[in-house]
Amino acid sequence: MSGLRRFCDPGIQKAMPKTYLLIGNSDGIGAAVTRALLAQGDRVVGLSRSPSPLGGDGPRHIAQDIAAPEYPQVLQVLLAEEEPFDACIFCAAIGSRLTLPDLSQEGHVIDVNFTSMVRTLAALTPGWLERGRGHFIGLSSLADDFYNADSPSYTASKAGFSNYLVSMALKLRSHGVFVTNIRFGFVDTKLPKASWKPLMMTADQAAGHIIQCLKTKPMQLSVPKLAGLAIHGIRWMQSIRIWWS
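Residues numbered from 1 in each chain as written. Predicted model: local features only at pLDDT ≥ 70, side-chain atom pairs only at ≥ 80, totals over all residues. Heavy atoms only, no water.

Q: Residues and numbers for the nonpolar core, please.
A: By size, the foremost hydrophobic cluster in this structure holds 29 residues, and its most contacted members are L21, I23, L47, I66, F90 and F136. Those elements giving two or more residues to this core turn out to be β1 (19–23), β2 (43–48), α3 (71–81), β4 (87–90), α4 (106–131), α5 (152–172) and β6 (177–184). Considering every element that reaches this core, the biggest residue donor is α4, with 6 residues. In this view, F136 contacts C88, F90, M117, T120, L121, L124, W128, L165, F178, V179 and T180; residues no more than four positions away in its chain are not counted. (Core = buried A, V, L, I, M, F, W, Y, C linked by side-chain atoms within 4.5 Å. Buried < 20%, exposed > 50% of the residue type's maximum accessible area, 1.4 Å probe, protein only. Helix = DSSP H or I, 4+ residues; strand = E, 2+ residues; numbered from the N terminus. Contact = heavy atoms within 4.5 Å.)

Q: Before we move on, can you summarise the pairing of β2 with the specific residues and values?
A: Of all 6 residues that make up β2, 5 are buried, and the element is covered over most of its length. Taken together, the 3 bridges between β2 and strand β3 (residues 61–63) define a ladder with parallel strand orientation. Counterpart to L47 in the pairing with β3 is I62. (Pairing = 2+ DSSP bridges.)

Q: Explain a nonpolar patch on the surface to me, using residue names and the numbers behind them.
A: Among the surface-exposed residues, I234, W236, M237, I240, W243 and W244 lie close enough to one another that they form a single nonpolar patch of about 820 Å² accessible area. You can see W236 is positioned in helix α7 (residues 225–244). When its relative accessible area of 58% is taken as the criterion, W236 is described as exposed. (Patch = residues over 30% accessible without salt bridge, like charges linked within 9 Å, V, L, I, M, F, W, Y side chains within 5 Å. Areas by Shrake-Rupley, 256 points an atom, 1.4 Å probe, with all protein chains shown as cover. Salt bridge = Lys/Arg side-chain N within 4 Å of Asp/Glu carboxyl O.)

Q: Let's hear about the packing of aromatic side chains: which residues, and what values?
A: Counted according to the given criterion, the structure contains 2 aromatic pairs. Centroid distance F90 to F161: 6.2 Å. Interplanar angle 50 degrees. Geometry classified as tilted. Of this pair, F90 sits in strand β4 while F161 sits in helix α5, and the two are 71 residues apart along the sequence. Their ring planes at 85 degrees and their centres at 6.2 Å tell us that F114 and Y164 sit as a pair that is edge-to-face. Residue F114 is found in helix α4, and its partner Y164 is found in helix α5; the two are separated by 50 residues along the sequence. Residue classification places Y164 among the partly exposed positions, given a relative accessible area of 26%. Its end group placed over the ring of F161, K158 keeps NZ or CZ at 4.7 Å from the ring centre. The ring of F178 is capped by K217, whose NZ or CZ atom sits 5.8 Å from the centre of that ring. (Phe/Tyr/Trp six-rings, centres within 6.5 Å; stacked < 30°, edge-to-face > 60°. Lys NZ or Arg CZ within 6 Å of the ring centre and 35° of its normal.)

Q: Tell me about the packing of α4 against α5, residues and numbers included.
A: For the pair α4 and α5, interaxial distance at closest approach is 7 Å and the crossing angle is 15 degrees. One element, α4, and the other, α5, form an angle in the roughly parallel class. Where α4 crosses over α5, the two elements pack in a sense that is right-handed. Residues E106, V109, I110, N113, F114, M117, V118, L121, T125 and L129 of α4 form the contact with α5, whose participating residues are P152, S153, Y154, S157, K158, G160, F161, Y164, L165, M168 and L172. The residue makeup of the contact of α4 with α5, split by class, is 14 nonpolar, 5 polar and 2 charged. (Axes fitted to C-alpha atoms, helices over the stretch in contact; angles between N-to-C directions. Parallel < 35°, antiparallel > 145°, perpendicular 65-115°, else oblique. Left-handed = near helix turned anticlockwise from the far one by under 90°. Nonpolar A, V, L, I, M, F, W, Y, C, P; charged D, E, K, R; others polar.)

Q: I'd like to hear about unusual backbone geometry, residue by residue, with values.
A: With an omega of 10 degrees, the peptide bond running from L100 to P101 counts as cis. One can find P101 in the loop between β4 and α4. For the peptide bond that leads from V223 to P224, omega is -5 degrees, which places it in the cis range. Relative to the helices and strands, P224 is located in the loop between β7 (220–223) and α7. Positive phi is not limited to glycine here, since K217 has a value of about 55 degrees. Note that K217 resides in the loop between α6 (203–216) and β7. Residue classification places K217 among the partly exposed residues on the basis of a relative accessible area of 22%.

Q: Pulling in residues and values, what's your account of the state of the cysteines?
A: Inspection of every chain in the model, using the stated rule, returns 0 disulfides. Here C88 stays free of any disulfide, with the sulfur of C91 as its closest cysteine sulfur at 8.4 Å. For C88, a relative accessible area of 0% translates into the label buried. (Disulfide = S-S within 2.5 Å.)

Q: For the side chain of S222, give the residues involved together with the corresponding values.
A: Along the chain, S222 turns up in strand β7. Judged by its relative accessible area of 16%, S222 is buried. At a separation of 2.7 Å, a polar atom in the side chain of S222 contacts the side chain of R183. The contact partners of S222, leaving out residues within four places of it in the chain, are L142 and R183. (Polar contact = N/O pair within 3.5 Å; in protein donor to acceptor, adjacent residues only side chain to side chain.)

See below:
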């Protein structure tokens, strides 16, 4: 009987593999998360503008521009073809330095960083509500907490991103659907353009925080906290300047 009890004990049995949808997993944090999930035996379906770094022998990967008009329909076809996703991790982001008088890329940055995230969550939520479970993780930035005249579209998109995801977390949690907003500081990817990058973490370190959030399901995580405090101080000083301008 002791052997039977060990076999039937859910705490001893190996966890069943899960299926994840990763948006923006061709490089950087998304690629690191893909490798981490595959290493623990889970199934990954990736979608990003560039081909998968794992090549044709890797998991299913769809090359698709998430800012393109057909993206919502591509998502619907994917959801019809695949088994239900246990979670979706939205890693896609771009940045553009503003050089006047050219504002041509400002709308595109907001489309990729914010609007596409909203469309992704909108496509997944009905199925998750029907099942009574699901988890959406979005990668925001500590830059959501201050004004940046050099990259206004990036900071504005992240401010909207964070506000929307936390609001949706409050709305959906009672229905069994979890939403997590992760605010990273500097991560060693191609995105950061600043000349000074304090407390920068590797993509693998960032992926580790995401894997942990899949288990704990917080509404929001800010990493590193010291950088978040410093940026909040900058925002406070900016607010004083704006108040007295």
